[in-house]
Amino acid sequence: MQMGPWQLLLIAVVVLVLFGRGKVSSLMGEVGKGITAFKKGVSEGTKEIEEAAAEPKTTETTPDKDKV
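Attention here is on the structure that accompanies the text. Note that the structure is predicted; figures quoted are calculated from it, not measured. (Residues numbered from 1 in each chain as written. Predicted model: local features only at pLDDT ≥ 70, side-chain atom pairs only at ≥ 80, totals over all residues. Heavy atoms only, no water.)

### Considerations on the overall build of the protein
Along its length, the protein carries two helices and zero strands. The buried share of the protein, taken over its 68 residues, is 3%. Accessible surface, the protein: about 6900 Å² in total, of which carbon and sulfur atoms supply 65%. (Helix = DSSP H or I, 4+ residues; strand = E, 2+ residues; numbered from the N terminus. Buried < 20%, exposed > 50% of the residue type's maximum accessible area, 1.4 Å probe, protein only. Areas by Shrake-Rupley, 256 points an atom, 1.4 Å probe, with all protein chains shown as cover.)

Structure, rendered in structure tokens:
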């Protein structure tokens, strides 16, 4: 079932009437902050993965000086 533009408009009006304009705008502001934080976290995670993949894999062994 797909919602048309009239159904979406009706839902928006009902939400606006129930919660008021101030509450809806503050809620949308919080949703925007959440989306921004999510995108930032995803980009930082991707950057860390790319940096880890770019680091050369060296397996240096240091000789033990205590061995005879």
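### Regarding the pattern of salt bridges
Tallied over the entire structure, the rule returns one salt bridge. Where K33 meets E30, a salt bridge forms, and the shortest distance between an N and an O atom there is 3.8 Å. Pair noted here: K33 and E30 are both in helix α2 (residues 21–54), with a separation of three residues, about one helical turn. Judged by relative accessible area, which is 55%, K33 ranks as exposed. (Salt bridge = Lys/Arg side-chain N within 4 Å of Asp/Glu carboxyl O.)

### Section: the packing of helix α1 (residues 5–19) against α2
Where α1 meets α2, the axes come as close as 6 Å, and the angle between the chain directions of the two elements is 110 degrees. On the basis of the axis angle, α1 is roughly perpendicular to α2. Across from V15, L16 and F19 in α1, the residues of α2 making contact are R21, K23 and V24. Its residues placed into classes, the contact of α1 with α2 shows four nonpolar, no polar and two charged. (Axes fitted to C-alpha atoms, helices over the stretch in contact; angles between N-to-C directions. Parallel < 35°, antiparallel > 145°, perpendicular 65-115°, else oblique. Contact = heavy atoms within 4.5 Å. Nonpolar A, V, L, I, M, F, W, Y, C, P; charged D, E, K, R; others polar.)

### Re a nonpolar patch on the surface
Taken together, the side chains of M3, L8, L10, I11, V14, V15, L18 and F19 define a hydrophobic patch exposed on the protein surface, amounting to about 760 Å² of accessible area. Of note, V14 is situated in helix α1. (Patch = residues over 30% accessible without salt bridge, like charges linked within 9 Å, V, L, I, M, F, W, Y side chains within 5 Å.)

### Notes on a negative patch on the surface
Where like charges cluster on the molecular surface, the negative patch consists of E44, E48, E50, E51 and E55. Residue placement: E55 occurs in the segment after α2. Assessed through its relative accessible area of 52%, E55 is described here as exposed. (Lys, Arg positive; Asp, Glu negative; His and termini not counted. Charge placed at Lys NZ, Arg CZ, Asp CG, Glu CD.)

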